[in-house]
Amino acid sequence: MIELTLLARWLRRLRRSSVGAVCGGVIFSLAILPSSWAQPIGIPSMGSASSAELSPELERMLGDALMEHGRRDPTYIADPDVDQYLTHMGRTLVAHAPNGAQHIQVFAIRDPQINAFTMPGGYIGVNSGLVVATTNESELASVIAHEVGHVIMRHIARGMTEQSQNRGVLVASLVGALLAALSGSGNLAMGMASFGQAAAVDRQLGFSRGAEQEADREGFHMLTAAGYDPRGMVQMFRSLMKSSSLNEVSGGTPFAQSHPQSIQRLSDIENRVEQMRPVHHQDSADYWFVRAKLRAMQAGDEESRRQVSSLFEADARSASGTVRSAAWYGAAYLAWQMRDTAKAQSALREARADGDSPEIDELSITLAGDAHDGAAALAMARAAWARWPESQGVALALARSLQQAGDVAAASTFLQARVRQWPQLPLMRKLLAQAYEQLGKPVEARRTMAEYYVHTGALPTAVEQLRQARNLSHDFYVQSELDAQIRDLRQRLDTERALLKQFKVQP
Ligand SMILES: [Zn+2]
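No experiment lies behind these values; they were computed from the predicted model shown.

Student: An account of the overall build of the chain is needed here, citing residue identities and associated values.
Tutor: For the chain, the helix and strand inventory stands at 25 helices and 3 strands. Summarising the internal contacts of the chain: among those between residues at least 6 apart in sequence, 69% fall at separations of at least 24. About 21700 Å² of surface is accessible on the chain, with carbon and sulfur atoms providing 51% of the total.

Student: Tell me about the coordination of the zinc ion, and please be specific about residues and values.
Tutor: Perfect tetrahedral coordination of a metal by four donors corresponds to 109.5 degrees between them, and perfect octahedral coordination by six donors corresponds to 90 or 180 degrees. For the zinc ion, the protein coordination sphere consists of H146 (NE2), H150 (NE2), E212 (OE) and E212 (OE), at 2.0 to 2.8 Å. Every donor counted, the 4 donor atoms about the zinc ion form angles of 51 to 136° at the centre, which fits irregular coordination. For the zinc ion, the single-chain donor residues occur in sequence as H-x3-H-x61-E. In this pair, H146 is assigned in helix 5 (residues 137–152) and E212 in helix 10 (residues 209–225), connecting sequence segments 66 residues apart. Assessed through its relative accessible area of 4%, E212 is described here as buried.

Student: Describe the pattern of salt bridges, listing the residues and the values that go with them.
Tutor: Taken as a whole and assessed by the stated rule, the structure comprises 23 salt bridges. As a salt-bridge pair, E362 and K293 come within 3.9 Å of each other at their nearest N and O atoms. With a gap of 69 residues between them, E362 in helix 18 (residues 358–370) and K293 in helix 14 (residues 285–298) connect regions that are remote in the sequence. With a shortest N-O distance of 3.4 Å, E313 and K343 are connected by a salt bridge. On the criterion of sequence distance, the pair formed by E313 in helix 15 (residues 302–318) and K343 in helix 17 (residues 341–354) is long-range, its members being 30 residues apart. For E313, a relative accessible area of 18% corresponds to the buried category. The class of K343 is partly exposed, set by a relative accessible area of 32%. Bridged by salt links that share partners, the residues D79, D81, K293 and E362 form one connected network.

Student: Before we move on, can you summarise helix 20 (residues 392–404) with the specific residues and values?
Tutor: The terminal C-alpha atoms of helix 20, which comprises 13 residues, lie 18 Å apart, in line with the 18 Å expected from a rise of 1.5 Å per residue. With respect to burial, helix 20 is a largely interior element, 11 of its 13 residues being buried. Listing the buried residues of helix 20 in full gives Q392, G393, V394, A395, L396, A397, L398, A399, S401, L402 and Q403. As for helix 20, its buried residues are in contact with helix 3 (80–94), helix 18, helix 19 (374–387), helix 21 (408–421) and helix 22 (426–438). The residue sitting at the N-terminus of helix 20 and contributing the capping side-chain oxygen is S391; that oxygen lies 3.4 Å from the backbone nitrogen of G393. Note on helix 20: the residue one or two positions beyond its end, G406, has a positive phi of about 85°.

Student: Before we move on, can you summarise the environment of R429 with the specific residues and values?
Tutor: Residue position: R429 is located in helix 22. Using a relative accessible area of 8% as the deciding quantity, one classes R429 as buried. Sequence separation of R429 and M449 is 20 residues, and the distance between their C-alpha atoms is 6.8 Å. Those residues within four positions of R429 in sequence are excluded, and the remaining contacts are V419, P423, T448, E451, Y452 and H455.

The rules behind these values
Residues numbered from 1 in each chain as written. Predicted model: local features only at pLDDT ≥ 70, side-chain atom pairs only at ≥ 80, totals over all residues. Heavy atoms only, no water. Helix = DSSP H or I, 4+ residues; strand = E, 2+ residues; numbered from the N terminus. Contact = heavy atoms within 4.5 Å. Areas by Shrake-Rupley, 256 points an atom, 1.4 Å probe, with all protein chains shown as cover. Donors = N, O, S within 2.8 Å, 3.2 Å for Na, K, Ca; no water. Tetrahedral: all angles 85-135°; square planar, octahedral: opposite > 155°, others 65-115°. Buried < 20%, exposed > 50% of the residue type's maximum accessible area, 1.4 Å probe, protein only. Salt bridge = Lys/Arg side-chain N within 4 Å of Asp/Glu carboxyl O. Expected span 1.5 Å × (residues − 1). Polar contact = N/O pair within 3.5 Å; in protein donor to acceptor, adjacent residues only side chain to side chain.

Rendered as structure tokens:
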């Protein structure tokens, strides 16, 4: 447990030393070990070599484990609309990278600070405050493109090759916590920082200047190739610098003096933009609705909800079309949170007058469900699903409406199809397992939960679920299938433990 304590202490120090985070403050880039992993062609070595190798598999494993813990963090926003939109944007961008087959998953955390951060394994966290601070979709895409740039250049793995004593301690702590968790003897949560802490790291402890410039360059390329307006990157950089100067606490030093490399990076991007023909990017409706939702979610108490609600109404009065619709949707969402159903309904009517989105339908379904009008909720959910067959949020609303209407069999059939539609999405598996449980199919329920845990990186828990399924089953065929699955997972666990042990150095 000493490793966990060390990690916690170090994280607290980072937290204190934070002076206004700028995009790319990355705690998990500090999760660093000396290694001599094979350098991909074209990437110079950024550190000295040592005995162990950091493979993409290990990086993904660390990322999965951090996410598995992170999903329980109170600041983590578990919202399918937000997840789907941000991840789609990240994947659209990475598709334009030279090695575009990389895993990217983007998620949001509830934090008003303007920041984004990268974790091992292609996981990218975006603060709600950053999304809210953007004024168009290209600005948001520019930050995500920069973070995807860190992923495709494997900066975390490269950072792990740096031989700093503090980093070594931190990595040993991380690996120790992970090993304990994998053997089922430790609580990963004890050793991990919250996402909020993760984002609030002093830039000096984050990526190097070279890595930041590289991420800017790669990000810029992906941004423009994907059709976004590159001026979004310039605007975003300016507002990041502005917000950092506002957050600056180190004795009133002007931001430009204390952060010369940010000025340099901004002018590099400006030069690139000047050499390009102007690009007009049409913001998607999803951008405006997800932004409104995050703005509403970010308001944590009654007072701020009231304030944000009046801001939404002011926006709605000055805007038109989709922007107006999304502002009314935001007001409706807040009214629903404040249990003002009448206001929520009237704001939703205004939202519908100018626009159309899965989020509007989902909120209507929720309101009908809250009013115990299960039949109306189900009818709306069916209609919404017919309209938005790609929306995970609407799929979730329909599955819930079916369950609430007591049609668990239909819910399970629907969820089985959604698991096939989105095999990488853990959420649908969890709901399917619940449906199986309600249908009196405990073996299927545990098998499905095991798949859920495999997809969230919790292998020991997955094994436990399979063992329970094995004990409950009376079918010889199913029993031998389960035996084989348990064997496979145990092998995978052994491999992962062996991989991690290579990194378990004494601090
Ligand atoms: Zn960065």
